[in-house]
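Chain by chain, the residues:
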Amino acid sequence: MRIRLLEPAAARRQAEWIVAMEPWRSMGFRAPPLGRWLFRRARAGCVLAAVQQHAILGIVVFQPDFLLGTFIALLAVRPQAAGQGVGRALVERVEQATFTHRRWLYVSSDSKNLAAARFYKKLDFARTARLPDLVCENRVEILWRKKRR
Ligand SMILES: CC(C)(COP(=O)(O)OP(=O)(O)OC[C@H]1O[C@@H](n2cnc3c(N)ncnc32)[C@H](O)[C@@H]1OP(=O)(O)O)[C@@H](O)C(=O)NCCC(=O)NCCS
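Notes on the structure in this doc start here. (Residues numbered from 1 in each chain as written. Predicted model: local features only at pLDDT ≥ 70, side-chain atom pairs only at ≥ 80, totals over all residues.)

### Comments concerning the nonpolar core
Side chains of a nonpolar character, in soluble globular proteins, are inclined to be buried together.
Reasoning step 1: Counting residues in hydrophobic clusters, the biggest one holds 33 residues, and the most contacted among them are V47, I59, V60, I72 and L90.
Reasoning step 2: For this core, the elements supplying multiple residues, two or more each, are α3 (31-43), β2 (47-52), β3 (55-66), β4 (69-77), α4 (86-99), β5 (104-110), α5 (114-122) and β7 (140-147).
Reasoning step 3: Residue contacts for I59: discarding those within four places in its chain leaves L6, Q14, V47, L48, A49 and A76. (Core = buried A, V, L, I, M, F, W, Y, C linked by C-beta atoms within 7 Å. Buried ≥ 20, exposed ≤ 12 C-beta atoms within 10 Å, placed from the backbone. Helix = DSSP H or I, 4+ residues; strand = E, 2+ residues; numbered from the N terminus. Contact = placed C-beta atoms within 7 Å.)

### Some thoughts on unusual backbone geometry
Reasoning step 1: Note the cis peptide between E22 and P23, where omega equals 5°.
Reasoning step 2: Summarising the element assignment, P23 is placed in the loop between α2 (15-18) and α3.
Reasoning step 3: Of note, D124 is a non-glycine position whose phi angle comes to about 70°, a positive value.
Reasoning step 4: For D124, the location among the structural elements is in the loop between α5 and β6 (126-132).
Reasoning step 5: Residue class for D124 comes out exposed when judged on the 12 C-beta atoms lying within 10 Å of it.

Honestly, that's just the spatial picture; any functional story needs more than this.
Laid out in structure tokens, this is it:
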């Protein structure tokens, strides 16, 4: 598996499988607007993909210059590739790029997403804040952060 920047058209195509997954499905995300956002983020050089034999196993979208660090705006691993270190590899790549010059790496997850909470704790993120109604009314996002060592 290797991690590489994803070009805009390929980034847009990933919206199809992402909207079929939790937590995005129950939050009502739709492929066309998500695809347009992925396209713009990739044009800014902020979408990385984990690729194996031309297949995209997962992607991470990051936002630099956020509260003295970087914010991971989206992390998704295809269900058939879960549990094989893809999510960890994507986060570690963003970590490496961030911690060369910034102190903090942030991410948020829906409070009902217990799998994501376990994953971010495993990667040494600390729960930092509750953000009610951030993405959807009546849902709470948890803000996580990790400090450069
Ligand atoms: C959460 C997600 C990104 C994890 O990616 P992944 O590739 O399956 O995770 P990895 O295989 O890299 O796991 C890294 C570590 O986290 C642990 N972990 C991963 N998922 C876990 C879970 N559901 N419960 C407990 N631990 C978990 C693994 O055991 C592993 O630990 P290890 O390295 O000590 O063995 C992925 O399942 C996903 O895309 N989920 C749906 C979307 C989502 O929730 N995104 C994040 C929040 S927006």
